Amino acid sequence: SFATALKAKGLEAIHSNAKHDPHDNMAYERSRRTVVDLLKQQPDAIFDLHRDSTPREVYQGSIGGKSVTKIQLVVGKYGPTGKQIEDYALQIKAAADKQHPGLVKGIFFAKGGDYNQDLMPKSMLLEIGAHTNDRQSAERGIALFADVVPAILGKTSAKPENQAGVTGVGTSSSGPSGATK
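Since this is a predicted model, take the numbers as computed values, not measurements.

1. Overview of the overall build of the chain
Then comes step 1: Per the secondary structure count, the chain includes four helices and six strands.
Then comes step 2: Seen in sequence order, the chain has helices and strands lined up from the N terminus as α-α-β-β-β-β-α-β-β-α.
Then comes step 3: Taking all 181 residues of the chain together, 40% fall into the buried category.
Then comes step 4: Sequence separation of at least 24 residues holds for 77% of the intrachain contacts in the chain that already meet a minimum separation of 6.
Then comes step 5: Total accessible area on the chain is roughly 10400 Å²; 51% of this is exposed by carbon and sulfur atoms.

The structure is reproduced here in structure tokens:
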């Protein structure tokens, strides 16, 4: 659902369905191989999607009159990219609050585990609600989160209405862009 929503915004999404079971102390060691492999494709960001194990109401919300599953950002323990990951999480939360207030439930600062965030400064673990939230609500929540991604990555979509750029560079009102000068 997340990859589909990103693609609908004109962004390329590299999606891995790799399984890292069982969910034990070695799960992140197994997933690390997947992240290292994905990094070879030079992505702008890495999002690791999970479902939490809490009661449904912890993540249940409503945005625009529709039931959605809220999202929690998870920041691992400090490593070489610790401060960058924290700043990135704060940037994501601020952008989400502006675009879809209430969608991001909060930021959880974990005491253990780095969640492979030491591999890239724009890496974020997302809890897309809990296993108790219904799938449709979770899909609506992650689709709304996809609306925020272009802003946090400093990209506009390739949709026709954005071809002049977000600031109007290269339009008749702003004059020609550097590429046409």
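2. Quick notes on the pattern of salt bridges
Then comes step 1: In total, this model carries eight salt bridges according to the counting rule given.
Then comes step 2: Its salt-bridge partner being K40, residue D37 comes within 3.9 Å of it at the nearest N-O pair.
Then comes step 3: On the accessibility criterion, D37 (44% relative accessible area) is partly exposed.
Then comes step 4: A relative accessible area of 62% means that K40 is categorised as exposed.
Then comes step 5: Between K155 and D44 there is a salt bridge; the shortest N-O distance is 3.2 Å.

3. A closer look at the environment of E139
Then comes step 1: For E139, the location among the structural elements is in helix α4 (residues 135–153).
Then comes step 2: It is 8.7 Å that separates the C-alpha atoms of E139 and I128, two residues lying 11 residues apart in sequence.
Then comes step 3: Looking at E139, its side chain comes within polar contact range of the side chain of S1, at 3.2 Å.

Each value, and the rule that gives it
- Residues numbered from 1 in each chain as written.
- Predicted model: local features only at pLDDT ≥ 70, side-chain atom pairs only at ≥ 80, totals over all residues.
- Heavy atoms only, no water.
- Helix = DSSP H or I, 4+ residues; strand = E, 2+ residues; numbered from the N terminus.
- Buried < 20%, exposed > 50% of the residue type's maximum accessible area, 1.4 Å probe, protein only.
- Contact = heavy atoms within 4.5 Å.
- Areas by Shrake-Rupley, 256 points an atom, 1.4 Å probe, with all protein chains shown as cover.
- Salt bridge = Lys/Arg side-chain N within 4 Å of Asp/Glu carboxyl O.
- Polar contact = N/O pair within 3.5 Å; in protein donor to acceptor, adjacent residues only side chain to side chain.

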